[in-house]
Amino acid sequence: MTQKIIAPRLRAGDTVRVIAPSCSRSFVMEYDNTRWIDERFTALGLQLSFGAHVDERDEFDSTSIAHRVDDLHTAFTDETVNGVLSVIGGFNANELLPYLDFDLIAEHPKVFCGYSDFTVLANAIHAKTGLVTYVGPHWSSFGMRDHFEPTGQWFHDALFGHDWQIEHASEYTDDPWFMDQDARTVHTTDGPWVLHEGTTQGRVTGGNLCTLNLLQGTEWMPRLDGAVLFIEDDAAGDVHEFARQFAALLHSAAGERLAGIAIGRFQRASGIDRALLEAVVAKHPQLAQLPVVANLDFGHTSPMFTLPIGGTARLQAEAGGVQLSLGH
């Protein structure tokens, strides 16, 4: 069992290196929202630097495995860098896994954060090194001019602090904000859904469901036994896709030894509502005595809280609501 490593917390004056393990920054810059990105990182007291290959772009909106690996390794070994943040997600971060120097990463522990396709890196690096990593906002996420908070506060709590309580949001957005900052739609939410009541505590594992499943059967798959599993999916995953991906994860060797399940808010285009999700969960008798909650503020809608992969979650789910605290 790998010993847990907690990287030094970020603080004002630190430098964060931005890398592109999936899609290129030039892909993101088709819509230039750097004004608000720069303002937000300045407010946090953080300086930004960028990987040497962050703007390279091929037919996959990415760049070579070698260049992406080089930027990741350089970010960890550069003594002037205190944290590492992804540009955005994509579809190909798992290509990097056989080429990563996990000993090098463990010897230079740093805050490491992103979400969606980044799920494979966050979980694989924790599984191989014990480093607590983070599934949270990308560099590009900070370009949201309006309705960004409390995403920024949750990011700060996780990367600058040690333990934090999640106060569930009353509103959320699910729109292509990066294309038009003036055409935004805000939705109200009925808050967390308690599918199965219970109280639990365990190691945080998860992120994007279909991306996490890419690790199954490999040496990079994190342990599930005793874990509070956090999963979410994007608009491409309708109820059929979510149900089979969910079943695949539960069929893993440790799928019956989970401590609890927390599911992020589904994008509206997925068509998944509470009734459908309850039906999916009800298919699996092994979950009957397990705390299961859903419609939480993480995933591909906004706001999103930051998950410490390898950290600790304390979850209390009752008819009256959900209490969730996270820490290292």
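Here, every reference points to the structure presented above.
All of these numbers come straight from a predicted model, not from anything done at the bench.

Rules behind the numbers
- Residues numbered from 1 in each chain as written.
- Predicted model: local features only at pLDDT ≥ 70, side-chain atom pairs only at ≥ 80, totals over all residues.
- Heavy atoms only, no water.
- 1 Å grid on protein atoms, 1.4 Å probe; cavity = no way out; pocket = protein on both sides within 12 Å on 5 of 7 lines; lining within 4 Å.
- Points joined across faces, edges and corners; volume = space filled by probe spheres on them.
- Helix = DSSP H or I, 4+ residues; strand = E, 2+ residues; numbered from the N terminus.
- Nonpolar A, V, L, I, M, F, W, Y, C, P; charged D, E, K, R; others polar.
- Core = buried A, V, L, I, M, F, W, Y, C linked by side-chain atoms within 4.5 Å.
- Buried < 20%, exposed > 50% of the residue type's maximum accessible area, 1.4 Å probe, protein only.
- Contact = heavy atoms within 4.5 Å.
- Axes fitted to C-alpha atoms, helices over the stretch in contact; angles between N-to-C directions.
- Parallel < 35°, antiparallel > 145°, perpendicular 65-115°, else oblique.
- Left-handed = near helix turned anticlockwise from the far one by under 90°.
- Salt bridge = Lys/Arg side-chain N within 4 Å of Asp/Glu carboxyl O.
- Patch = residues over 30% accessible without salt bridge, like charges linked within 9 Å, V, L, I, M, F, W, Y side chains within 5 Å.
- Areas by Shrake-Rupley, 256 points an atom, 1.4 Å probe, with all protein chains shown as cover.
- Pairing = 2+ DSSP bridges.
- Phe/Tyr/Trp six-rings, centres within 6.5 Å; stacked < 30°, edge-to-face > 60°.
- Lys NZ or Arg CZ within 6 Å of the ring centre and 35° of its normal.

Turning to the layout of surface pockets, a few remarks are in order. Space inside the largest pocket adds up to approximately 1,200 Å³. If you trace the largest pocket, you find 49 residues lining it, with Ile88, Tyr115, Ser116, Phe178 and His300 closest to the centre. Elements with a contribution of two residues or more to the lining of the largest pocket: helix 1 (25-28), helix 2 (34-43) and helix 7 (209-212). Here the residues of the lining of the largest pocket are counted per class, giving 21 nonpolar, 20 polar and 8 charged.

Grouped together as the largest cluster of nonpolar side chains are 101 residues, with contacts concentrated most on Phe230, Phe242, Phe246, Leu277, Phe305 and Leu326. In contact with leucine 326, not counting residues within four places along its chain, are His162, Asp163, Trp164, Ile166, Val204, Phe230, Phe305, Thr306, Leu307, Pro308, Thr312 and Ala313.

Packed helix pairs are specified by the crossing angle of their axes together with the interaxial distance, meaning the distance between the axes. At a minimum axis distance of 10 Å, the contact between helix 8 (residues 239-250) and helix 9 (residues 274-282) shows a crossing angle of 30°. The orientation of helix 8 relative to helix 9 falls into the category roughly parallel. When you trace helix 8 past helix 9, the crossing you get is right-handed. Here helix 8 contributes Val239, Phe242, Ala243 and Phe246 to the contact with helix 9, which in turn contributes Leu276, Leu277, Val280 and Val281. In terms of residue class, the contact of helix 8 with helix 9 is built from 8 nonpolar, no polar and no charged.

Here we take up the pattern of salt bridges. A side chain of one charge can pair with a side chain of the opposite charge if their charged atoms are brought near each other. Applying the stated criterion to the full structure yields 14 salt bridges. Here arginine 17 and aspartate 78 are joined by a salt bridge, their closest N and O atoms 2.9 Å apart. In this pair, arginine 17 sits in strand 1 (residues 15-19) while aspartate 78 sits in the loop between helix 3 (65-77) and strand 3 (83-86), placing the two residues 61 residues apart along the sequence. Judged by its relative accessible area of 9%, arginine 17 falls in the buried class. Taking relative accessible area as the criterion, aspartate 78 reaches 23% and is therefore assigned partly exposed. Ionic pairing is found between glutamate 219 and lysine 128, a salt bridge with its closest N-O pair at 2.7 Å. Highlighted residues: glutamate 219 in the loop between helix 7 and strand 11 (227-232) and lysine 128 in helix 5 (residues 119-129), separated in sequence by 91 residues.

This part is about a nonpolar patch on the surface. Taken together, the side chains of Tyr31, Phe178 and Met179 make up a nonpolar region of the molecular surface, amounting to roughly 280 Å² of accessible area. Here tyrosine 31 lies in the loop between helix 1 and helix 2.

So, on to unusual backbone geometry. Each neighbour pair has its own omega, and for glutamate 149 with proline 150 the value is 10°, a cis peptide bond. The peptide bond linking serine 302 to proline 303 adopts the cis configuration, its omega dihedral lying at 10°. Topologically, proline 303 is positioned in the loop between strand 13 (292-296) and strand 14 (307-309). Backbone geometry places aspartate 61, a non-glycine residue, at a positive phi of 60°. With respect to the helices and strands, the residue aspartate 61 is situated in the loop between strand 2 (47-50) and helix 3. Residue aspartate 61 is classed as partly exposed on the basis of its relative accessible area of 25%. Phi is positive for asparagine 295, close to 65°, though the residue is something other than glycine. Mapped onto the fold, asparagine 295 is located in strand 13. For asparagine 295, a relative accessible area of 7% gives the class buried.

With that settled, the discussion passes to the sheet that holds strand 12 (residues 260-264). Within a sheet, each strand pairs with its neighbour through backbone hydrogen bonds, oriented either parallel or antiparallel. Spatial ordering of the open sheet is given by 6-16-15-10-11-12-13-9, a layout of 8 strands whose pairing is mixed. This sheet does not close on itself; its edge strands, each paired only once, are strand 6 (163-165) and strand 9 (193-196). Pairwise comparison of adjacent strand axes, ignoring direction, gives a mean angle of 25° for this sheet. Its contacts with the sheet place helix 9 against strand 9, strand 12 and strand 13, and it is angled at close to 20° to strand 9.

Strand order in the open sheet formed by 6 strands is 2-1-3-4-5-14, and the pairing between neighbours is mixed. Where the open sheet ends on each side, the last strands, each with one partner, are strand 2 and strand 14. In this sheet, neighbouring strand axes are inclined to one another by 25° on average, regardless of whether the strands run parallel or antiparallel. Relative to strand 4 (residues 111-114), helix 6 (residues 151-160) is tilted by about 155°, and along the sheet it contacts strand 3, strand 4 and strand 5 (133-135).

Moving on to the packing of aromatic side chains. On inspection of all chains with the given rule, the structure shows 13 aromatic pairs. Relative to phenylalanine 118, the ring of phenylalanine 112 has its centre 4.6 Å away and its plane inclined at 40°; by these criteria the two rings are tilted. Across this residue pair, the class does not change: phenylalanine 112 and phenylalanine 118 are buried. On the numbers, 5.3 Å between centres and 45° between planes, the contact of phenylalanine 298 with phenylalanine 305 is tilted. Here a set of aromatic residues connected by ring pairs shows up, and it is made of Phe41, Phe142, Phe148 and Phe155. Above the face of the tyrosine 172 ring, arginine 265 is positioned so that its terminal group lies 4.5 Å from the ring centre.

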